[in-house]
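# An overview of the molecular structure
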Amino acid sequence: MSQLVRFSITERALHWAFALTYLALLASGLPLMFGGLQAWIRDYSPVIGLRLHVACGVLWIAATLAVVLAGNRARLGATLRDLTRFARADAAWLRRFP
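What comes next concerns the included structure.

## Section: the packing of aromatic side chains
- In total, this model carries three aromatic pairs according to the counting rule given.
- With a centroid separation of 5.2 Å and an interplanar angle of 55°, the aromatic rings of Phe 18 and Trp 60 are classed as tilted. A residue pair is termed long-range when its members are at least 10 positions apart, and Phe 18 in helix 1 (residues 9–33) and Trp 60 in helix 2 (residues 46–70) qualify at 42 residues.
- Seen from their ring centres, Tyr 22 and Trp 60 are 5.6 Å apart, and the 55° between their planes marks the pair as tilted. Of the two residues, Tyr 22 is situated in helix 1 and Trp 60 in helix 2; the sequence distance between them amounts to 38 residues.
- Judged by relative accessible area, Tyr 22 falls into the partly exposed class, the value being 39%.
- Judged by relative accessible area, Trp 60 falls into the partly exposed class, the value being 23%.
- For the cation-ring pair, Arg 6 lies above Phe 7, with the distance from its terminal atom to the ring centre recorded as 4.7 Å.

## A few points about the pattern of salt bridges
- Under the criterion given, the structure shown has two salt bridges.
- Arg 75 serves as the salt-bridge partner of Glu 11, at 3.5 Å between the closest nitrogen and oxygen. Separated by 64 residues along the polypeptide, Glu 11 in helix 1 and Arg 75 in helix 3 (residues 73–84) bring together distant segments of the chain.
- Looking at Glu 11, the relative accessible area reads 8%, which means it is buried.
- Among the ionic pairs, Asp 82 bridges to Arg 85, the shortest N-O distance being 4.0 Å.

## Notes on a nonpolar patch on the surface
- Residues Trp 16, Phe 18, Leu 20, Tyr 22, Leu 23, Leu 26, Leu 30, Met 33 and Phe 34 make up a contiguous nonpolar surface patch of roughly 940 Å² in combined accessible area.
- With respect to the element layout, Leu 20 can be found in helix 1.
- Judged by relative accessible area, Leu 20 falls into the exposed class, the value being 51%.

## Digging into the environment of Ala 74
- Tracing the backbone through its elements, the reader meets Ala 74 in helix 3.
- Sequence separation between Ala 74 and Ala 91 is 17 residues, and the spatial gap between their C-alpha atoms is 27 Å.

The rules behind the values
- Residues numbered from 1 in each chain as written.
- Predicted model: local features only at pLDDT ≥ 70, side-chain atom pairs only at ≥ 80, totals over all residues.
- Heavy atoms only, no water.
- Phe/Tyr/Trp six-rings, centres within 6.5 Å; stacked < 30°, edge-to-face > 60°.
- Helix = DSSP H or I, 4+ residues; strand = E, 2+ residues; numbered from the N terminus.
- Buried < 20%, exposed > 50% of the residue type's maximum accessible area, 1.4 Å probe, protein only.
- Lys NZ or Arg CZ within 6 Å of the ring centre and 35° of its normal.
- Salt bridge = Lys/Arg side-chain N within 4 Å of Asp/Glu carboxyl O.
- Patch = residues over 30% accessible without salt bridge, like charges linked within 9 Å, V, L, I, M, F, W, Y side chains within 5 Å.
- Areas by Shrake-Rupley, 256 points an atom, 1.4 Å probe, with all protein chains shown as cover.

Now the structure itself:
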């Protein structure tokens, strides 16, 4: 049985580094945006919450850059070109879209 690998290790690492750190950024920002959530967190401090949120933002950028710089940039570039290219099949699909 053969296995088809659609994404490289670098692409998967970029996806998960971006996604997990973004979720941490989202989770740390929700109590700042919606004050009612602060009551659900024992001993919540808005100052510490803001610092945590900023730290998650820095980690989000740093993790993404680390994977881009340490990974296979040629493969990431090819994926970026594939994602930004609009092919005839894409136009045909859009025309059939409800």
